[in-house]
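Take a look at the letters that make up each chain.
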Amino acid sequence: MRLRDCHNFHDFRKLAKRRLPGPIFNYIDGAADDEVTYRRNTASFERCDLVPNILRGVEAIDMSVTVLGQKLAMPVYCSPTALQRLFHHQGERAVGAAAAKFGTMFGVSSLGTVSLEELRKAHKTPQAYQFYFHKDRGLNSAMMQRAKEGGVDVMMLTVDSITGGNRERDLRTGFSIPFRLTLGGMLQFAIKPLWGINYITHERFKLPQLDEHVDMSGGAMSIGRYFTEMLDPSMSWNDVAEMVRAWNGQFCLKGVMSVADARRAAEIGCTGIVISNHGGRQLDGSRAPFDQLAEIVDAVGDRIDVLMDGGVQRGTHVLKALSLGAKAVGVGRFYLFSLAAAGQAGVERALGLMRTELERDMKLMGCTSISQLSRDNLRYR
Ligand SMILES: Cc1cc2nc3c(=O)[nH]c(=O)nc-3n(C[C@H](O)[C@H](O)[C@H](O)COP(=O)(O)O)c2cc1C
């Protein structure tokens, strides 16, 4: 199987599975507990159907959107994800370059493996910085200052990870940073030597957003301990309101799921929210973002930009979310599997297929711009 044989999400996933050692594939593919929410995130899009219109003159399609003050050439962006150079040695560099090629936004994680400054300098396309809130307020200020000086366009504070989700696949393989593999996990690395050769022949693994502030070297601090010891479980609305004021720019809360929280986010001055359950990786049994979208758009959509992510695999999923009122839609595993499959060429192929699907689907829906999509286009089963 080659990259040119990949025509959809499932093909990229299959190729990624062939290329990655099992523990790394399962880190990407896995989710919390019984992974019910993970499955439902995608299944939720099947609850309703698109109702197309015909004969509307659809030769020229404009799928651009303006969201969080950024003009995006397509309504799909790359959600921030951790540890990308583990998945392919090009990591965030590949994702940033592919996002720039398609004129869309990409998020850089606090647990990213390339520095936000390097990525900012390399690409003009909108860049979001995903932030975790630390107990040490001085550290929060220093990191925000650094992001401001680095030229980050959107601050994205993740609020659904107040504690780590229960990822049982990782417990079985021993996936953690630094690696603490089980015997079975080690064997799975041994049978994928190409990954190991790539890993050791490229730049040393690091977490540049954190390395300056936290000693992650030589096993001094694991990511698990970073979450339990350094992040602040007492984070409150007042803390976030203070951060919003200090940032004084586009500020987006990622991981909002209730109408009440969406209202509160608008009240404290957030300019956007991402309805998200972290790709089902945190609270299993929680609702799918697509299922929460309509009521949240109705409550705050006239005041702030409502985005969503979770389970998106197809152009039609994106069109359904936009029809309900989302301003843009994030993807995670969709570009991670393609990154793992073939680096930058993989992500470019995935985003290219998504753009082609969107264009085709908009034509078949009878609309030439995103603003023509509405709830009239949808019927629930
Ligand atoms: C491997 C992996 C790592 C992730 N790392 C982060 C992260 O560091 N910060 C964050 O806010 N979200 C993170 N996410 C969640 C994504 O930003 C996004 O919400 C989720 O992947 C969307 O679901 P999808 O994968 O079904 O598209 C991660 C997701 C995956 C799959």
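Before reading on, note that the structure itself is shown above.
Residues numbered from 1 in each chain as written. Predicted model: local features only at pLDDT ≥ 70, side-chain atom pairs only at ≥ 80, totals over all residues. Heavy atoms only, no water.

*Asks:* Hey, could you go over the overall build of the chain for me, with residue numbers and the actual values?
*Replies:* Assigned secondary structure in the chain consists of 17 helices and twelve strands. Over its C-alpha atoms the chain spans a radius of gyration of 20 Å, differing by no more than 12% from the 21 Å that the globule rule assigns to 381 residues. In terms of overall dimensions, the chain has C-alpha extents of about 60 × 50 × 40 Å along its principal axes. In the chain, which comprises 381 residues, the share counted as buried stands at 58%. Within the chain, residue pairs in contact and separated by at least 24 positions form 74% of the contacts whose partners lie at least 6 positions apart. Here the chain displays about 15700 Å² of accessible surface, and carbon together with sulfur accounts for 51% of that area. The averaged location of the 41 negative side-chain charges in the chain is 5 Å from the averaged location of its 48 positive side-chain charges. (Helix = DSSP H or I, 4+ residues; strand = E, 2+ residues; numbered from the N terminus. Rg over C-alpha atoms; globule rule 2.2 N^0.38 Å. Buried < 20%, exposed > 50% of the residue type's maximum accessible area, 1.4 Å probe, protein only. Contact = heavy atoms within 4.5 Å. Areas by Shrake-Rupley, 256 points an atom, 1.4 Å probe, with all protein chains shown as cover. Lys, Arg positive; Asp, Glu negative; His and termini not counted. Charge placed at Lys NZ, Arg CZ, Asp CG, Glu CD.)

*Asks:* Break down helix α7 (residues 137-150) for me, with residues and values.
*Replies:* Along its 14 residues, α7 runs 20 Å from first to last C-alpha, staying within 8% of the 20 Å computed at 1.5 Å per residue. Buried residues along α7 sit in contact with α6 (116-122), β6 (127-131), β7 (154-158), α11 (208-211), α12 (223-230) and α13 (237-247). With a side-chain oxygen lying 2.9 Å from the backbone nitrogen of glycine 138, the N-terminal cap of α7 falls on aspartate 136. After α7 finishes, the residue glycine 151 shows a positive phi value of roughly 90°. (Expected span 1.5 Å × (residues − 1). Polar contact = N/O pair within 3.5 Å; in protein donor to acceptor, adjacent residues only side chain to side chain.)

*Asks:* Describe the side chain of lysine 320, with residues and values.
*Replies:* Topologically, lysine 320 is positioned in helix α16 (residues 315-324). Within the local environment of lysine 320, its side chain forms a polar contact with the backbone oxygen of phenylalanine 45, the two atoms lying 2.7 Å apart. Beyond its immediate sequence surroundings of up to four residues, lysine 320 is in contact with Phe45, Glu46, Cys48, Asp49, Leu50, Phe290 and Leu378.

*Asks:* I'd like a rundown of the side chain of arginine 281, residues and numbers included.
*Replies:* Secondary-structure assignment places arginine 281 in the loop between β9 (272-275) and α15 (289-300). Here arginine 281 sits buried without a salt bridge, and the closest side chain of opposite charge, aspartate 170, lies 5.5 Å off (N-O distance). Polar side-chain contacts of arginine 281 include one of 3.2 Å to the backbone oxygen of isoleucine 28. Not counting chain neighbours up to four residues away, the residues in contact with arginine 281 comprise Tyr27, Ile28, Gly30, Ala31, Ala32, Gly165, Arg167 and Arg333. (Salt bridge = Lys/Arg side-chain N within 4 Å of Asp/Glu carboxyl O.)

*Asks:* Can you tell me about the packing of aromatic side chains, naming the residues and giving the values?
*Replies:* Here the structure, examined in full by the defined rule, presents twelve aromatic pairs. Considering the side-chain rings of tyrosine 27 and phenylalanine 87, the 6.1 Å spacing of their centres and the 35° angle between planes classify their relative orientation as tilted. Of this pair, tyrosine 27 sits in helix α2 (residues 22-29) while phenylalanine 87 is found in helix α4 (residues 84-87), placing the two residues 60 residues apart along the sequence. In terms of burial, tyrosine 27 and phenylalanine 87 fall into one category: buried. With a centroid separation of 5.1 Å and 70° between ring planes, the pair formed by tyrosine 132 and phenylalanine 227 is classed as edge-to-face. Separated by 95 residues along the polypeptide, tyrosine 132 in the loop between β6 and α7 and phenylalanine 227 in helix α12 bring together distant segments of the chain. Like phenylalanine 227, tyrosine 132 is buried. Following the ring pairs from residue to residue traces out a cluster consisting of Tyr27, Phe87, Phe175, Phe179, Phe189, Trp195 and Tyr199. Positioned above the aromatic ring of tyrosine 27, the side-chain terminus of arginine 281 is 4.8 Å from the ring centre. (Phe/Tyr/Trp six-rings, centres within 6.5 Å; stacked < 30°, edge-to-face > 60°. Lys NZ or Arg CZ within 6 Å of the ring centre and 35° of its normal.)

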